[in-house]
Amino acid sequence: MKSRVGWLLLATIIVGCADGRFRENSIGSSPDGAYKDRAFTEFFRRTNGWVSGDGAISVPLSDGRVLWLFGDSHLDDYDPKTKTTPCLFQSRNAALLQKTKTNLRDAETLRTYGPIFWSWFKNTTNKDLWFWPACGFQRNDALFVYLFSLKKTGEGMWGFGSSGADHWAKVEFPSMKILDYIPLPSFEGVQMGQGFVADGDWIYAFGAKAKKLSADVIAARFKADEPTRWMFWNGTN
């Protein structure tokens, strides 16, 4: 359960934003400034390719495109007669490639096909091992996506846990071809990848360490050209 603190928090936020009490008009018209974004609601209302999934983490690309990253996803399984999808998803992860920042109509689904889960990110044929993508950043002709490494540990929806070291997925830009999976050092229970901020040659990273139903916020940094050498902030140094 600890491995999904960030995902549970995101799900809570999504549920809150879907509350019908929010007004469907412009920013500033309600006391809290919240409103339902009709354009993005329709962008994610899809009946082929990627249909639904966990996450929706966006990574802006230098050519104006936007990469949307998802965990467990439904692909090409929407039934127009019943307007439903089956209970079981077919992919542990997938992505949508938005063509431009302002184009909310055309988007390409990034995934693979095969006898096991149609996941975009995968480095094994073992269906009990998988990746869930977190945030990412672009550096020149490469995109780096932080991947949580998971494995099946038992039955039921919470029967999973860490499979060891998390990874970087190195993706070629602009082709979006996956070049490599790079294991990261052990972070001793800290889950990074919750956010990245570039400042010159440095990338500042944010993550969390679960403590039952709460979590400590963790900060670190690394040189953009050395993404496996991390330095963690201890409060003073």
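Structure: see above.
Calculation notes
Residues numbered from 1 in each chain as written. Predicted model: local features only at pLDDT ≥ 70, side-chain atom pairs only at ≥ 80, totals over all residues. Heavy atoms only, no water. Pairing = 2+ DSSP bridges. Helix = DSSP H or I, 4+ residues; strand = E, 2+ residues; numbered from the N terminus. Core = buried A, V, L, I, M, F, W, Y, C linked by side-chain atoms within 4.5 Å. Buried < 20%, exposed > 50% of the residue type's maximum accessible area, 1.4 Å probe, protein only. Contact = heavy atoms within 4.5 Å. Lys, Arg positive; Asp, Glu negative; His and termini not counted. Salt bridge = Lys/Arg side-chain N within 4 Å of Asp/Glu carboxyl O. Polar contact = N/O pair within 3.5 Å; in protein donor to acceptor, adjacent residues only side chain to side chain.

**Student:** Help me understand the sheet that holds strand E12 (residues 214-223) in this model?
**Tutor:** Strand pairs in the sheet, formed through backbone hydrogen bonds, run parallel or antiparallel to each other. Taken in spatial order, the four strands line up as E10-E11-E12-E13 in an open sheet, and their pairing is antiparallel. Each edge of the open sheet is held by one strand with a lone partner, namely strand E10 (190-199) and strand E13 (231-232). In terms of strand pairing, E12 meets E13 through two bridges, oriented antiparallel. Across the sheet, Ala220 pairs through a bridge with Phe232, a residue of E13.

**Student:** Sorry if this is basic, but what is going on with the nonpolar core here?
**Tutor:** One recurring pattern in soluble globular proteins is that nonpolar side chains are buried together. By size, the foremost hydrophobic cluster in this structure holds 44 residues, and its most contacted members are Leu67, Phe121, Tyr146, Trp168, Phe196 and Trp230. In terms of nonpolar packing, the next biggest core, distinct from the first, is built from nine residues, Trp50, Val66, Phe70 and Ala107 among them.

**Student:** Help me understand the environment of Ala208, please; the structure alone is not making it clear to me.
**Tutor:** In this fold, Ala208 is placed in strand E11 (residues 202-211). For Ala208, the residues in contact, after removing those within four places along its chain, are Gly189, Val190, Gln191, Gln194, Ala215, Asp216 and Ile218.

**Student:** Could you clarify how one ought to interpret the side chain of Asp77 in this entry?
**Tutor:** The residue Asp77 is located in the loop between strand E2 (66-75) and strand E3 (94-98) in this model. Here Asp77 sits buried without a salt bridge, and the closest side chain of opposite charge, Arg111, lies 8.7 Å off (N-O distance). Among the polar contacts made by the side chain of Asp77, one reaches the side chain of Gln90 at a distance of 3.4 Å. Ignoring anything within four residues of it in the chain, the contact list for Asp77 reads Val51, Thr84, Thr85, Pro86, Leu88 and Gln90.

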